[in-house]
Amino acid sequence: MTDKRSALVTGVTGQDGAYLVELLLGKGYAVHGIARDVAAFDHGRLGNARSDAGEFRLYNCDITDEAGLRELVAAIRPDEVYNLAAQSHVPTSLAEPHRTIEINATAAVSLLKMIVDLGLQGRTRFFQASSSEVFGEASGSVLTETSPMRPRNPYAESKYQAYLASTRLRTETGLFVTNGFLFNHESPFRSPAFVTRKISLAAASHARGERAPLRLGNLDVRRDWGHARDYVAGMWLSLQRREPGDYIFSTGENHSVREFVELAFATAGRKIRWQGEGLHEAGYDADTAERLVEIDPSFFRPNEISATLGDASKARHELQWRPRTDFAELVREMVVSDLDRTR
Ligand code: GDD
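Heads up: these notes are all about the structure in this document.

Reading the values: the criteria
- Throughout, a residue's number is its position along its own chain's written sequence, starting from 1.
- Only residues with pLDDT of at least 70 get local features here, since the model is predicted, and only at 80 or more are side-chain atom pairs given and counted; chain-wide, interface and lining totals rely on the full set of residues.
- Remark: hydrogens and water are excluded; side-chain values derive from all non-hydrogen atoms of the structure.
- Take the buried residues of types Ala, Val, Leu, Ile, Met, Phe, Trp, Tyr and Cys, join any two whose side-chain atoms come within 4.5 Å, and each joined set is a nonpolar core.
- When accessible area is computed with a 1.4 Å probe and restricted to protein chains, residues below 20% of their type maximum are described as buried, those above 50% as exposed, and intermediate ones as partly exposed.
- A run of H or I in DSSP becomes a helix once it reaches four residues, and a run of E becomes a strand once it reaches two; helices and strands are each numbered from the N terminus.
- Only when DSSP finds a minimum of two bridges between them are two strands counted as paired.
- Axes, fitted as lines to C-alpha atoms, cover a helix only where it is in contact. Angles between the N-to-C directions of the axes lie from 0 to 180 degrees.
- What makes two residues a contact is simply this: any of their non-hydrogen atoms within 4.5 Å.
- The handedness rule is simple: strands pointing away from the viewer, and a clockwise path from the first strand over the helix to the second, make the crossover right-handed.
- Two N or O atoms count as a polar contact when they lie within 3.5 Å, although within protein this holds only if one can serve as hydrogen donor and the other as acceptor, and sequence-adjacent residues are included solely when both atoms are side-chain atoms.
- An angle below 35 degrees is read as roughly parallel, one above 145 as roughly antiparallel, one from 65 to 115 as roughly perpendicular, and any other as oblique.
- Should the near helix be turned counterclockwise from the far one by less than a right angle, the crossing is left-handed, whereas a clockwise turn marks it as right-handed.
- Each residue is assigned to one of three groups, with Ala, Val, Leu, Ile, Met, Phe, Trp, Tyr, Cys and Pro labelled nonpolar, Asp, Glu, Lys and Arg labelled charged, and all others, Gly among them, labelled polar.
- The salt bridge definition used is simple: a Lys or Arg side-chain nitrogen within 4 Å of an Asp or Glu carboxyl oxygen.
- Proximity is defined per residue: any heavy atom of the residue falling within 4 Å of a molecule or strand makes that residue near it.
- What sets the accessible areas is the Shrake-Rupley method with a 1.4 Å probe; for residues, cover comes only from the shown protein chains.

Remarks on the nonpolar core
In summary, soluble globular proteins display a tendency toward joint burial of nonpolar side chains. Membership of the largest hydrophobic core comes to 41 residues, with the highest contact counts inside it found for Val9, Leu24, Tyr82 and Phe249. The set of elements that each furnish at least two residues to this core consists of β1 (6–10), α1 (15–26), β2 (30–35), β5 (125–131), β6 (176–182), α7 (228–238), β11 (246–249) and α9 (313–319). Here this core gets 6 residues from one element, more than from any other, and that element is α1. With 25 residues, the next largest nonpolar core counts Leu219, Val257, Ile295 and Val331 among its residues.

Some points on the sheet that holds strand β4 (residues 80–83)
With respect to topology, 7 strands assemble into an open sheet ordered β3-β2-β1-β4-β5-β6-β11, the strand pairing being parallel. The open sheet terminates on both sides in strands that have one partner only, identified here as β3 (55–60) and β11. Neighbouring strand axes in the sheet, compared pairwise and without regard to direction, differ in orientation by 20° on average. Packed onto the sheet, helix α4 (residues 97–117) meets β1, β4, β5 and β6 and runs at close to 165° relative to β5.

What about the pairing of β6?
Of all 7 residues making up β6, 7 are buried, and the element is well covered by its neighbours. Burial along β6 is two-sided: Phe176, Thr178, Gly180 and Leu182 and Val177, Asn179 and Phe181, pointing in opposite directions, are all buried. Pairing of β5 with β6 involves 7 bridges; the strand directions are parallel. Bridging across to β6, Ser131 finds its partner in Leu182. You can see the chain leave β5, run along helix α5 (residues 154–173) and come back into β6, and the turn it takes is right-handed.

Comments concerning the side chain of Arg270
Mapped onto the elements, Arg270 comes out in the loop between α8 (257–267) and β13 (272–275). Separated by 2.5 Å, the side chains of Arg270 and Asp285 make a polar contact. If we ignore the near neighbours within four places in the chain, the residues touching Arg270 are His206, Phe265, Asp285, Thr288, Glu290 and Leu292.

A short note on the packing of helix α6 (residues 195–207) against helix α10 (residues 327–342)
Where α6 contacts α10, the axes come no closer than 8 Å and their chain directions differ by 50°. Comparing the axis directions of α6 and α10 gives the class oblique. As for the relative orientation of α6 and α10, their crossing is right-handed in sense. Note on element contacts: α10 touches α6 through Met334, Val335, Asp338, Leu339, Arg341 and Thr342, opposite Thr196, Arg197, Ser200, Leu201, Ala203, Ala204 and Ala207. Taken together, the residues that form the contact of α6 with α10 break down as 7 nonpolar, 3 polar and 3 charged.

Thoughts on the pattern of salt bridges
Within the structure shown, the criterion is met by 22 salt bridges. Put simply, Arg170 and Asp246 hold a salt bridge, and the shortest N to O gap is 2.9 Å. Note that Arg170 is positioned in helix α5 and Asp246 in strand β11, a separation of 76 residues in sequence. Grouping residues by exposure puts Arg170 and Asp246 together as buried. As a salt-bridge pair, Arg215 and Glu294 come within 2.4 Å of each other at their nearest N and O atoms. Linking Arg215 in strand β8 (residues 214–216) with Glu294 in strand β15 (residues 291–295), this pair joins segments that are 79 residues apart in sequence.

Some remarks on the site of the ligand
Every one of the 23 residues lining the ligand counts as a neighbour, but Ser88, Ser131, Tyr155, Arg301 and Glu304 are closest to it. Backbone polar atom of Ser88 to an oxygen atom of the ligand: 2.6 Å apart, as the coordinates give it. Between the ligand and the protein, one listed contact pairs an oxygen atom with a side-chain N or O atom of Asn184 at 2.8 Å. Calculation on the ligand without its partners gives an accessible area of 720 Å², and the protein chains cover 97% of this total. Classifying every residue of the shell around the ligand gives 11 nonpolar, 6 polar and 6 charged.

Function cannot be read off these values alone, since they describe shape.
Shown next as structure tokens:
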């Protein structure tokens with residue numbers, strides 16, 4: 001590749017990778033993306049990642065393959081690293097805590113240390129994708145960068161460990177590393193393992209004649225949901241500062257799963273009427289009485305976080321960052337995209 005500014009993006013084949021690559025290519029970067037099992041990956045997601053300005057190269061490398069990763073980092077000598085690789089599903093982390101820690105914490109720490117060991121700390125700036133999950137249950141209070149961190153599941157523990165190591169290395173070695181405490185961020189590229197995409201896909205398939213009800217867990221949890229495109233812009237901005245810092249990226253409003261369902265189905269032309277209580281509650285089509293949504297206790301979580309709500313004032317003031325897509329636009333974009341796909 002040429003002498004453009006270079007970026008290494010781990011976990012590039014995920015939702016955030018797709019938007020980040022598009023952003024970096026638009027800015028003329030040489031982007032080196034790594035992911036495991038590249039051969040099996042559906043490249044459609046990176047379909048937008050084309051630009052006359054930038055260059056993109058995809059490598060097959062598992063983030064836990066320390067030797068392979070070191071070789072790549074040494075060869076690329078990236079100006080910026082975005083560590084997006086993660087096992088990011090909370091319930092999977094309960095079933096596979098060891099693997100979650102290995103990918104999200106151990107590999108992140110190795111990558112950080114590798115940059116220092118290769119003598120790149122004066123050159124390479126590092127973005128660590130952290131999570132609102134590190135704060136644990138805050139009972140709906142507004143979270144800032146200084147809020148207490150009380151992880152409640154292995155996923156949150158792993159992100160917390162990586163956060164601790166990154167801030168330690170920042171003071172110990174002078175490495176430019178920023179943590180983004182990313183609140184839930186969604187898009188049409190979201191995996192159906194997450195509730196928003198599960199709902200948008202179901203709303204679209206019901207519009208196409210699906211009869212099986214959508215089965216969900218707790219309808220009353222609230223999340224501060226934003227659009228992934230906005231959050232990757234924050235990642236980039238955080239690395240352009242004179243000094244490194246840690247930033248909350250959130251919208252500052254939260255909504256319940258129930259509200260997401262209502263809006264998604266309304267976008268697909270179905271008005272929901274709720275009936276019953278607890279496990280027996282269900283959502284019916286207000287006009288036809290068809291059962292559209294029901295409760296499945298297997299999706300309930302131990303140590304559930306009842307609500308998240310973030311205050312992104314620091315990012316707004318220091319990075320001039322603000323989310324551009326509101327909740328209603330996000331839901332509509334996801335459902336319309338799924339309606340188009342299933343047409
Ligand atoms: N996945 C899922 N499936 N969640 C459900 C369901 C269901 O059927 N029913 C209710 N929920 C609730 C979950 O219990 C949770 O409270 C909420 O919906 C959101 O769940 P997810 O979409 O799975 O996301 P998450 O909040 O656990 O985590 C996401 O956001 C974090 C913060 O940005 C992930 O992207 C994490 O990796 C990320 O750190």
